[in-house]
Amino acid sequence: MIRFALAYLVVVAGVALGAPNDFYLSFATRLAYYGVYAMSLNILVGEAGLMSLGHSAFFGIAAYCVAWLTTHGVDGWTAIAAALALGTVVGMATGAVAVRVVGTSFMMITLAFAQIAWGLAYRWVDVTGGDNGITGITRPPLMAFDLEKQSHYFVFCALALLGVVFILDRLRASALGASIRAVRDQPRRMSALGYNVWAIRLAAFTVASVFASFAGALDCLQQKFVSPATMSLLDATMVLLMVVIGGTSSRFGPLVGAIVVLTFTEFSGQFVSRPRAALGALLLFVVLFMPGGIAPWLERGFVALKRSLWRPRAGAGAAQ
Amino acid sequence: MTAVLEAKGLEKRFGSSVIVSGVSLRVAEGERRLILGPNGAGKTTLLNLLSGDLAPDAGDIWFVGRRIERLSAARRARLGVGRTFQVLTLFERNTVVENVLIAALGAHARRWDPFTPFRKMAQAERETAEALRKVDLLPLADKRVADCAYGQKRRLEMALALVQSPKLLLLDEPFAGLSSNERSQLLDVILSLPAEIAIVMIEHDMDVALKFAGSISVMQAGRIVVEGSKSEVIADPRTREVYLGH
Amino acid sequence: MAITYLLGSLTYGGLLFLLTSGFCLIFGIMRVPNLAHGSLFMVGAYVGVAALRAGVPFALALLAAGGAAAILGAIFEAAVLRRIAGDENAQVLATIGLAFVVGDGILAVWGGNPYRAQAPHALQLSFRMFGAVFPAYRVAVLVIAVLSAALLWLLIERTRIGARLRAGVDDLQMTRALGISAPALFTGVFALGSFLAGVAGALAAPIVSAYPGLDFDILPLALVVVILGGMGSLAGAFAASFVVGGLYIVGPVMLPELAYVVLFLPMAIVMAIRPQGILGRSAP
């Protein structure tokens, strides 16, 4: 992990210093917090085995929270903290209901909650600005850095992503993480062992919503704009696509998925003329032929590449 | 003789069919109770009522003096009820020791820990090793369950039920599908379980079942029709009736 | 005023029923929640408008729309769903993939502007009754929806094909054992469900017009109906369609800010209280 972190920091520095203009820096920034977003969804999809169609609600609610607070005189950091707190509360409340069921039922109930959130954003015009959204958001100061500079904000988000990767890695390796996966695999057995299956799923749901909220807060400050679109069903399926295309059981799967999906949609003119059709086709391909997602396949390729480039050492180096 | 488990008037219906009707049961500490009966007699349903996987439509259940019929399976497990399942409920992608470790942690508050690596949970190491020793799977600790033989998996299922040192063990056809070698291995394990554990077993394989049993309850059409010590029940003509029709 | 809302609700309810009946058939037999159902509706809308604009008679336009959706559905089922049968998650994801492909496909063919057609000439009149105006087209939509409900009921309860469908719902393995081909059954069901969605789309086009995004606009409404009415139940879908139609028309008027809450909160409540009863598996 340390090697990964060092390599990552080198890449981040390279991008921050070498990116030709703000457009690419913005894109890289979005990659960073969408990585957080996708990883948060994977706690549900990959670890807990719960496919949510409503994860975008947490992303959007947090974005609106930060937007509304910062345009009403509250400082950016407090706004982010408030958004995280709100995400925790809403996550626990909706999760308490949602994780009583699994499968299709869970999908439908999460979709219902997300539609409610979207509908409120769309219709409660006095507070949310409706379709026009909220504008005029500014980024808070951070010590010596000027987050209004895209390169600084990019580094901030990239470091945030690294932090999230570490935290979620710890969670995955912990007893709670093992319980979440165990509940996914054998819920009856876990009950028979004294585990509270509902509570464990709720824990997963809440953690997922907190990290999605974090991503939403970062998005609000990046785009300096919020609108109901981020909570639409379409956007909810997009983030699900990131997780599935990238790979649910691989540590970097969601990140890979986020990169693929965002690259397709951002550079749609350049090399893919119909990004959504391409993503749909890619999803179909993954579902049919690569159910583990792209990331494991990339990892294997990467390992093979490493082996062919480095001289073999005594004791035979094992892959990570 | 203290009763570890006492059930009175248990009833369970699915739609209009009555699966278990008026069943009363008393299991003493350390007793080895075998539940026999033809298919459809309601044995597994009875076991599920006792374990908490099903809630009874009527009747009471006491476990070590506590009323438990309204408690969930998880609560009953924490009170000391362990069980195995007819269809294996193992974590195939994990190793043998990880399976038992997660089972052992079910009784520890540290199972909620989101930071400490799972494999380093020292609290549960002792029970885990002990359970693996009891079922003779210690040498296979680091093997992936998916790569294990069926007989080994059945023993692992037993280890999961044992690791929290239950007071009552409910076994649902633990010998199903085993070869004769594997059967004698598992029987050895069961016969050498601590004497203070009360065990209730459903089993069709008469050889092993009778070697295990101290007492027997025979079920038919949702009721217990014969009950008593092993010799009493074997001698009872009604037992033959249940199996042969008359 | 109230009567206009009533008619609006009934019309919308009728459209929703046609749409969701297809969804219920597919879910009832194949246990797949078809998230591409809105997309098939959209295909029907666009094909319907295209046909009407080309002067095709109304009934034929409806058939063309339904047919286009049915062909798309049948191909998808045979080429994709069949290969991942049994894996529920994969199947849902596949339907999402289809929805994305269809959505962009429509953009490619028809562009991004709303695509409108007038109601067929014969139905462009309105009646005046009870002091309110009733566009004949909307009444026609309602009549078609009710007729379709009756036809579907007849099909399922009174014909051999229907008997096979019911058998498939009750006991798929037994159905197979009796020699009724499951693959053919599934493709047929998916095609029929898609057909209904396509026809619904074509009927809706003169009212809401065909536009990009129609797929994901209508899908949540269909899902509300389906949840409230019971995932595989046609009778439930029939009743719930009109309830939801009413909420959709009247909601924004009575409670503008809470319009969507009013629609989706009942769905969430039903799911919270009776998840097993309507949808099958709850958390063990």
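Going by the structure above, here's the rest.
Quantities reported herein were computed from a predicted structural model and do not represent experimental measurements.

J.: Explain the interface of chain A and chain C here, please?
T.: Interfaces are often sized by the accessible area lost when the parts come together. Facing the 44 residues of chain A at the interface are 41 residues of chain C. Listed by contribution, the elements that provide at least two residues to the side of chain A that touches chain C are helix H5 (103-123), helix H9 (187-192), helix H10 (197-223), helix H11 (233-246) and helix H13 (275-289) of chain A. Sort the elements by how many residues they give to the side of chain A that touches chain C and H5(A) lands first, with 16 residues. Considering only residue class, the side of chain A that touches chain C consists of 30 nonpolar, 9 polar and 5 charged.

J.: So what exactly am I meant to see when it comes to the arrangement of the chains here?
T.: Most contacts, when the 2 pairs of chains in contact are compared, are made between chains A and C. Separated in space, chain B and chain C share no contact, their closest pair of C-alpha atoms being 9 Å apart.

J.: I would appreciate a short explanation of the sheet that holds strand E5 (residues 66-67) of chain B in the present structure.
T.: Within a sheet, adjacent strands bond to each other through the backbone by hydrogen bonds, running parallel or antiparallel. Residues and elements named next belong to chain B. Read across the open sheet, the 4 strands follow the order E2-E1-E4-E5; overall the sheet is antiparallel. Two strands bound the open sheet, and with one partner strand each, they are strand E2 (17-28) and E5. Here 8 bridges tie strand E1 (residues 3-14) to E2, and the two strands are oriented antiparallel to one another. Pairing of Arg13 across the sheet is with Val18, part of E2.

J.: Where do I start with helix H5 (residues 150-162) of chain B in this structure?
T.: Because an α-helix packs 3.6 residues into every turn, residues spaced three or four apart end up facing the same way. Between its first and last C-alpha, H5(B) extends 19 Å over 13 residues, near the 18 Å set by a 1.5 Å rise per residue. Most of H5(B) is tucked away, with 10 of its 13 residues classed as buried. Every buried residue belonging to H5(B) is among B:Lys153, B:Arg154, B:Arg155, B:Leu156, B:Glu157, B:Met158, B:Ala159, B:Leu160, B:Ala161 and B:Leu162, and all of these are buried. Against H9 of chain A together with strand E6 (81-83), helix H3 (96-105), helix H4 (122-134), strand E7 (168-172) and helix H6 (180-191) of chain B lie the buried residues of H5(B).

J.: Explanation requested: the pairing of E7(B) in the structure shown.
T.: Regular strands show a simple pattern: their side chains alternate between the two faces of the sheet. Residues and elements named next belong to chain B. Among the 5 residues that make up E7, 5 are buried, leaving the element largely enclosed by the rest of the structure. Alternating residues of E7 divide into Leu168, Leu170 and Asp172 and Leu169 and Leu171, and every residue in both groups is buried. Note that E6 and E7 share 3 bridges and pair parallel. Of the residues in E7, the one forming a bridge with Arg83 is Leu170. Direction of pairing for E7 relative to strand E8 (residues 198-202): parallel, over a ladder of 5 bridges. Pairing of Asp172 across the sheet is with Ile202, part of E8. Once the chain exits E7 it traverses H6 before rejoining the sheet at E8, and the crossover so formed is right-handed.

J.: Hey, could you run me through the nonpolar core in this one?
T.: Counting residues in each nonpolar core, the largest one holds 292 residues, and the members touching the most others are A:Val66, A:Leu283, B:Val100 and B:Ala159. A total of 17 residues in this core trace back to one element, the largest contributor, which is H10(A). If you count residues domain by domain, this core takes at least three from each of domain 1 (1-80 + 166-246) and domain 2 (90-164) of chain B. Residues contacting B:Ala159, with those up to four places away along its chain left out, are B:Val100, B:Ala131, B:Leu132, B:Lys134, B:Val135 and B:Leu137.

J.: Looking at this structure, how should I read the interface of chain A and chain B?
T.: Chain A puts 20 residues into the contact, and the matching count from chain B is 25 residues. Counting only elements with at least two residues in the side of chain A that touches chain B, the list comes to helix H7 (150-173), helix H8 (175-185) and H9 of chain A. Here the residues of the side of chain A that touches chain B are counted per class, giving 9 nonpolar, 7 polar and 4 charged.

Conventions used here
- Each chain carries its own residue numbering, running from 1 in the direction its sequence is written.
- Starting at A for chains and at 1 for ligands, labels are handed out in the order in which the entities are written.
- Totals for whole chains, interfaces and linings use all residues, but because this is a predicted model, local features are given only for residues with pLDDT of at least 70 and pairs of side-chain atoms are given and counted only at 80 or more.
- Once C-beta atoms have been placed from the backbone, residue pairs whose C-beta atoms lie within 7 Å are recorded as contacts.
- Under the scheme used here, helices are H or I runs from DSSP no shorter than 4 residues and strands are E runs no shorter than 2 residues, and both carry numbers assigned from the N terminus.
- For this classification, the nonpolar set comprises Ala, Val, Leu, Ile, Met, Phe, Trp, Tyr, Cys and Pro, the charged set comprises Asp, Glu, Lys and Arg, and every other residue, Gly included, is treated as polar.
- Strands pair, by our definition, only if DSSP identifies at least two bridges between them.
- Given a helix with a known number of residues, its expected span is that number minus one, times 1.5 Å.
- Three exposure classes are used, based on other C-beta atoms lying within 10 Å of a residue's own C-beta, which is placed from the backbone: buried for 20 or more, exposed for 12 or fewer, and partly exposed in between.
- With its strands directed away from the observer, a crossover is right-handed exactly when the path from the first strand over the helix to the second travels clockwise.
- Any set of buried Ala, Val, Leu, Ile, Met, Phe, Trp, Tyr and Cys residues joined through C-beta atoms within 7 Å is what this text calls a nonpolar core.
- Domain boundaries shown here were taken from an automatic or database domain assignment.

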